[in-house]
Amino acid sequence: IQYAHARLSNILEHAINKGFDLEHLDENNILYNTPDELELLRKVARMPGIIEIAARTRQPHLMAFYLLELARIFHPFYFKNRIVSDDIEMTNKRLVLSLALKQIFKKGLSLLGISAPTNM
């Protein structure tokens, strides 16, 4: 899980070095349509429910399992799909997704009292 956060941090740093302005990415009209992107988005959408159930039932391990499962989906996605490329539209949408994933890993690890390193 921590490695996923560190990998995302490195991807985003690489994007900045390539000239992408992460503060002003166009989040409108993004169409995620590959099976890999959709699988990640479905998992991302479950986070609020996982937090609610874990808190209500006092089962913090549910958050850990969720984050581990998300990392297990993200790592193969990373190896199969280029995040930063010459295709500006594709890069934009994958950077938006990467920012969301990094935030989820950081928040989830924080809720568990675990550090979210940017390098490993």
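Residues numbered from 1 in each chain as written. Predicted model: local features only at pLDDT ≥ 70, side-chain atom pairs only at ≥ 80, totals over all residues. Heavy atoms only, no water.

Undergrad: Got a minute to help me understand the environment of arginine 56 in this structure?
TA: Looking at the element boundaries, arginine 56 is found in helix α3 (residues 47-57). Overall, arginine 56 belongs to the exposed group, its relative accessible area being 56%. With eleven residues separating them in the primary sequence, arginine 56 and leucine 67 have C-alpha atoms 18 Å apart. Here glutamate 52 takes part through its side chain, which lies 2.8 Å from a polar atom of the side chain of arginine 56. (Helix = DSSP H or I, 4+ residues; strand = E, 2+ residues; numbered from the N terminus. Buried < 20%, exposed > 50% of the residue type's maximum accessible area, 1.4 Å probe, protein only. Polar contact = N/O pair within 3.5 Å; in protein donor to acceptor, adjacent residues only side chain to side chain.)

Undergrad: Would you mind showing me how to read the packing of helix α4 (residues 61-80) against helix α5 (residues 88-111) here?
TA: How two helices sit against one another is set out by the angle between their axes and by the gap between those axes. α5 packs onto α4 with a crossing angle of 150° between their chain directions and a minimal axis gap of 10 Å. Between α4 and α5, the angle falls in the class roughly antiparallel. Between α4 and α5 the crossing geometry is left-handed. Contacts from Met63, Tyr66, Leu67, Leu70, Ala71, Phe74 and Phe77 of α4 reach α5 at Arg94, Leu97, Leu101, Ile104, Phe105, Gly108, Leu109 and Leu111. When grouped by side-chain class, the residues that make up the contact of α4 with α5 number 13 nonpolar, one polar and one charged. (Axes fitted to C-alpha atoms, helices over the stretch in contact; angles between N-to-C directions. Parallel < 35°, antiparallel > 145°, perpendicular 65-115°, else oblique. Left-handed = near helix turned anticlockwise from the far one by under 90°. Contact = heavy atoms within 4.5 Å. Nonpolar A, V, L, I, M, F, W, Y, C, P; charged D, E, K, R; others polar.)

Undergrad: Looking at this model, I keep getting lost on the pattern of salt bridges. Mind explaining?
TA: Side chains bearing opposite charge may pair, as long as their charged atoms lie close to each other. All told, the structure shown has five salt bridges when counted by the stated rule. Across the pair aspartate 36 and lysine 80 runs a salt bridge, and its minimum N-O distance is 3.3 Å. Of this pair, aspartate 36 sits in helix α2 (residues 35-45) while lysine 80 is found in helix α4, placing the two residues 44 residues apart along the sequence. Judged by its relative accessible area of 15%, aspartate 36 falls in the buried class. As a salt-bridge pair, lysine 93 and glutamate 37 come within 3.2 Å of each other at their nearest N and O atoms. Taken together, the positions of lysine 93 in helix α5 and glutamate 37 in helix α2 put the pair 56 residues apart, joining distant regions of the chain. Glutamate 37 carries the same exposure label as lysine 93, and that label is buried. What emerges from the salt-bridge pattern is a single network uniting Glu37, Lys93 and Arg94. (Salt bridge = Lys/Arg side-chain N within 4 Å of Asp/Glu carboxyl O.)

Undergrad: Can you help me understand the packing of aromatic side chains in this one?
TA: A ring pair, where both rings are aromatic, is described by two values, the distance of the centres and the angle of the planes. Counted under the stated rule, the structure contains two aromatic pairs. Plain terms: the ring middles of phenylalanine 74 and tyrosine 78 are 6.3 Å apart, the flat faces sit at 40° to each other, and that makes the pair tilted. With a gap of four residues between them, phenylalanine 74 and tyrosine 78 both fall in helix α4, about one helical turn apart. For tyrosine 78, a relative accessible area of 29% puts it in the partly exposed group. Judged by centre distance (5.3 Å) and plane angle (70°), the rings of tyrosine 78 and phenylalanine 79 are edge-to-face. Taken together, the ring pairs in this structure connect Phe74, Tyr78 and Phe79 into an aromatic cluster. (Phe/Tyr/Trp six-rings, centres within 6.5 Å; stacked < 30°, edge-to-face > 60°.)

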